[in-house]
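Structural description and commentary
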Amino acid sequence: MPVPISPQTVQRILTPRVGSRLLQAVPLAQKASELLSGFSPFSATLEEVSQQLCNTLFNSLYDFLGPAMTVLLDNGRQMRIRMQDIPDIADDVMGALLDALPVTSSNLQMLREYALRQTSLSAMRVLLVKYPQPPEEKAILCRVIRDNYPPWRYESWLPQTS
């Protein structure tokens, strides 16, 4: 059940976080795309893919940027990528894979487990947007998101009234 994830999709997700100049200089979007496109629930878990993605992101960024880990964003601002930023960036990229998974009961179960174990914002987004949720579960997911993430990470897709 491999799901193709294009390098352009990954690049679109990464650009606000690391800037387009870096993505033109480093094959990071290609590496991440290949990793995500190779996912099969029969050979790896979402947690394993997420960890591999974190490692790929960190190693690629560190190899190119060095210990300063400072990027120039497209708005001209310089930003230092901290170690604690890597899992959030990886979760954003994992969202491309989670979005592309077909809506099935087995994928629903896999997403629920992943969302709970990893506190994955991308998994919670897919659960809310693609899968019908009982009102109580929807309210809990919305509360967890609002209590644990800055609004800029969810305001474009999380319902205001939930």
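This one's a predicted model, so the numbers in the text were calculated from it and none came from an experiment.

1. Comments concerning the nonpolar core
Leu14, Leu22, Leu36, Leu61, Leu97 and Ile145 are the most contacted members of the largest nonpolar core, which totals 54 residues. Element by element, the count of residues in this core is highest for helix H5 (residues 85–100), at eight residues. Setting aside residues no more than four positions away along its own chain, leucine 22 makes contact with Leu28, Leu61, Phe64, Leu65 and Val71.

2. Focus on the side chain of arginine 17
Within the fold, arginine 17 resides in helix H1 (residues 7–18). Ignoring any residue separated from it by four or fewer positions in sequence, one finds arginine 17 in contact with Val71, Leu73, Met79, Ile81, Asp88, Ile89, Asp92, Trp152 and Arg153.

3. Quick notes on the environment of tryptophan 157
As for its placement among the helices and strands, tryptophan 157 is situated in the segment after helix H8 (135–148). When the C-alpha positions of tryptophan 157 and proline 7 are compared, they lie 23 Å apart, and in sequence the two are 150 residues distant. Beyond its immediate stretch of four places on either side in the chain, tryptophan 157 contacts Leu121, Arg125, Leu128, Val129 and Ile145. One polar contact links the side chain of tryptophan 157 to the main-chain carbonyl oxygen of arginine 153, over a distance of 3.3 Å.

4. Section: the packing of aromatic side chains
Applying the stated criterion to the full structure yields one aromatic pair. Judged by centre distance (5.6 Å) and plane angle (25 degrees), the rings of phenylalanine 58 and tyrosine 62 are stacked. With phenylalanine 58 and tyrosine 62 both in helix H4 (residues 46–65), this residue pair falls four residues apart, about one helical turn. The class for tyrosine 62 is partly exposed, based on a relative accessible area of 37%.

5. Re the layout of surface pockets
Take a probe with the size of a water molecule and roll it over the atoms, and the empty space left behind shows itself. Considered as a void within the structure, the largest pocket measures approximately 600 Å³ in volume. In terms of lining, the largest pocket is formed by 24 residues, of which the most central are Ile13, Arg17, Asp92, Trp152 and Arg153. The set of elements that each furnish at least two residues to the lining of the largest pocket consists of H1, H5 and helix H7 (121–130). Examining the composition of the lining of the largest pocket, we find that six residues originate from one element, H5, more than from any other. Roughly 240 Å³ of volume is contained in the second largest pocket. Taken together, Arg112, Ala115, Leu116, Thr119, Met124, Leu127, Gln133, Glu137, Ile140, Leu141 and Val144 make up the full set of residues lining the second largest pocket. Among the elements of the structure, helix H6 (105–118), H7 and H8 are those that each provide at least two residues to the lining of the second largest pocket. No other element matches the four residues that H8 contributes to the lining of the second largest pocket. The class makeup of the residues in the lining of the second largest pocket is seven nonpolar, two polar and two charged.

Calculation notes
- Residues numbered from 1 in each chain as written.
- Predicted model: local features only at pLDDT ≥ 70, side-chain atom pairs only at ≥ 80, totals over all residues.
- Heavy atoms only, no water.
- Core = buried A, V, L, I, M, F, W, Y, C linked by side-chain atoms within 4.5 Å.
- Buried < 20%, exposed > 50% of the residue type's maximum accessible area, 1.4 Å probe, protein only.
- Helix = DSSP H or I, 4+ residues; strand = E, 2+ residues; numbered from the N terminus.
- Contact = heavy atoms within 4.5 Å.
- Polar contact = N/O pair within 3.5 Å; in protein donor to acceptor, adjacent residues only side chain to side chain.
- Phe/Tyr/Trp six-rings, centres within 6.5 Å; stacked < 30°, edge-to-face > 60°.
- 1 Å grid on protein atoms, 1.4 Å probe; cavity = no way out; pocket = protein on both sides within 12 Å on 5 of 7 lines; lining within 4 Å.
- Points joined across faces, edges and corners; volume = space filled by probe spheres on them.
- Nonpolar A, V, L, I, M, F, W, Y, C, P; charged D, E, K, R; others polar.

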